Every structure is written in C-alpha cells, then in structure tokens.
Amino acid sequence: VQLQASGGGLVQAGGSLRLICAASGLTFSNYGMGWLRQAPGKEREFVGYISWGGGSTLYADSVRGRFTISRDNAKNTVYLQMNSLKPEDTAVYYCATKGLSDYGPPNRIQGYDRWGQGTLVTVSS
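Here goes a summary of the coordinates provided. The structure displayed is predicted, hence computed values, not measured ones.

## Section: the state of the cysteines
Part 1 of the argument: Taken as a whole and judged by the stated rule, the model has 1 disulfide.
Part 2 of the argument: The disulfide that involves cysteine 21 links it to cysteine 95, with 2.0 Å between the sulfurs. Between cysteine 21 and cysteine 95, the S-S torsion sits near 65 degrees, and that sign places the bridge as right-handed. With a gap of 74 residues between them, cysteine 21 in strand S3 (residues 17-24) and cysteine 95 in strand S9 (residues 91-98) connect regions that are remote in the sequence. The exposure classification of cysteine 21 matches that of cysteine 95, with both residues buried.

As structure tokens, then:
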C-alpha cells in the first residue's frame, strides 16, 4: 500500500493550495480517507475525513468552511482544497486510510492505519 501526498508549498496568508493524495496497492473505494497534520512542536491532529463513497465528510472546527475534501475513486485519489489559509495552518499534511475494522469516530487519529509520507504546507503572514 502506498499513499503519495503532494501539492504542498509556501503560500501567503489568505491564499489557497490543493493537496493531492494518490493511493495504490489497495481497493481504494473500500476506504474512508482522512487528512491529518502535524505542526512543528505539536502533536498530530485531525483535519478532515471523507467516507468511502464521498457522501459523508467531517472537518475539524479549525478548518471547517475553509477546507474541502473530495475524492475520485476512478483515479484512486483524494484531494484537500485549502482556502483562506492562515499561518497556523502551517504543518506537514498527511493522508491516511481509516481502518476497515475501526468503528470509532473519523476524528480519532488512532483509527487511521496507513499513512502517506506527508507534504509540507507553509503559510507566511
């Protein structure tokens, strides 16, 4: 299983970025997918989740209304559109699969069992 995140970079506050996570080696459409992030010196935190079919999403309070998750199961890809970025959004962003046997809430980090390598997002003020 491989999850390849890309699209990070340096952006000014108020700007936008679109992260992409390409999955391989699994039946992608079986999995709910999450985006999580880790800022320097902080613990990893939940950003957002999309269900296997894309019909259900959940966002952290800190990003709701600014970030949007979508997926294309035909392309084995999940996206994170980030708008109105703030300096506090600076972090390494990871995509991850929610475990098929995990029935906990999507914002529970321990429920994610496969992680990509992360992509760095830096928002300057």
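Structure's up, so let's keep going.
## What to know about the environment of isoleucine 69
Part 1 of the argument: Relative to the helices and strands, isoleucine 69 resides in strand S7 (residues 67-72).
Part 2 of the argument: Residue classification places isoleucine 69 among the buried residues on the basis of a relative accessible area of 5%.
Part 3 of the argument: Once you skip the residues sitting within four places of it in the chain, isoleucine 69 turns out to touch Trp35, Gly48, Tyr49, Ile50, Thr57, Tyr59, Val78, Tyr79 and Leu80.

## A closer look at the pattern of salt bridges
Opposite charge on two side chains makes pairing possible when the charged atoms of those side chains draw close.
Part 1 of the argument: Inspection of every chain in the model, using the stated rule, returns 6 salt bridges.
Part 2 of the argument: For glutamate 45, the salt bridge goes to arginine 37, with nearest N and O atoms at 2.6 Å.
Part 3 of the argument: We classify arginine 37 as buried; its relative accessible area is 5%.
Part 4 of the argument: When the shortest N-O distance is used, the salt bridge between aspartate 102 and arginine 108 registers 2.9 Å.
Part 5 of the argument: By relative accessible area, aspartate 102 is classed as buried at 19%.

## Considerations on the pairing of strand S11 (residues 119-124)
Part 1 of the argument: On S11, burial follows the alternation: Thr119, Val121 and Val123 on one face are buried, whereas Leu120, Thr122 and Ser124 on the facing-out side are not.
Part 2 of the argument: Note: strand S2 (residues 9-12) against S11, 4 bridges, orientation parallel. What sits directly across from glycine 9, in S11, is valine 121.
Part 3 of the argument: Alignment of S9 against S11, held across 3 bridges, turns out to be antiparallel. Residue pairing in the sheet places tyrosine 93 in a bridge with threonine 119 of S11.

## A word on unusual backbone geometry
Part 1 of the argument: The backbone of asparagine 76 sits at a positive phi, close to 55 degrees, despite the residue not being glycine.
Part 2 of the argument: Structurally, asparagine 76 is set in the loop between S7 and strand S8 (77-82).
Part 3 of the argument: In this structure, serine 84 takes a positive phi of about 50 degrees despite not being glycine.
Part 4 of the argument: Mapped onto the elements of the fold, serine 84 is located in the loop between S8 and S9.
Part 5 of the argument: You can call serine 84 partly exposed: its relative accessible area is 41%.

## Thoughts on the packing of aromatic side chains
For any pair of aromatic rings, the description consists of the separation of the ring centres together with the inter-plane angle of the planes.
Part 1 of the argument: In total, this model carries 1 aromatic pair according to the counting rule given.
Part 2 of the argument: Between tyrosine 94 and tryptophan 115, the aromatic rings sit 6.0 Å apart at their centres with planes inclined by 75 degrees, giving edge-to-face as the arrangement. Here tryptophan 115 lies in strand S10 (residues 112-115) and tyrosine 94 lies in strand S9, a separation of 21 residues in the sequence.
Part 3 of the argument: On the basis of relative accessible area, tyrosine 94 is assigned to the buried category, the value being 12%.
Part 4 of the argument: Given the relative accessible area of 27%, tryptophan 115 is considered partly exposed.
Part 5 of the argument: Just above the ring of tyrosine 79 sits the side chain of arginine 18; from NZ or CZ to the centre is 4.1 Å.

Analysis parameters
Each chain carries its own residue numbering, running from 1 in the direction its sequence is written. Side-chain atom pairs in this predicted model are given and counted only at pLDDT of 80 or more, local residue features only at pLDDT of at least 70, and totals for whole chains, interfaces and linings cover all residues. Only heavy atoms go into the side-chain values, all of them from the structure, while hydrogens and water stay out. Disulfides are defined as pairs of cysteine sulfur atoms found within 2.5 Å of each other. A run of DSSP states H or I qualifies as a helix once it reaches four residues; a run of E qualifies as a strand once it reaches two. Both are numbered from the N-terminal end. Working definition: with a 1.4 Å probe on protein chains only, accessible area under 20% of the residue-type maximum means buried, over 50% means exposed, and in between means partly exposed. The contact rule is simple, with two residues in contact once any of their heavy atoms fall within 4.5 Å. A carboxyl oxygen of Asp or Glu within 4 Å of a side-chain nitrogen of Lys or Arg is what we treat as a salt bridge. By this definition, two strands are paired if DSSP reports at least two bridges between them. Whether two aromatic rings pair depends on their centres lying within 6.5 Å, for rings of Phe, Tyr and Trp, where Trp uses its six-membered ring; planes under 30 degrees apart make the pair stacked, over 60 edge-to-face, and the rest tilted. Remark: a charge is flagged as sitting over a ring if the NZ atom of Lys or the CZ atom of Arg is within 6 Å of the ring centre and within 35 degrees of the ring normal.

Honestly, it's all geometry; don't read function into it.
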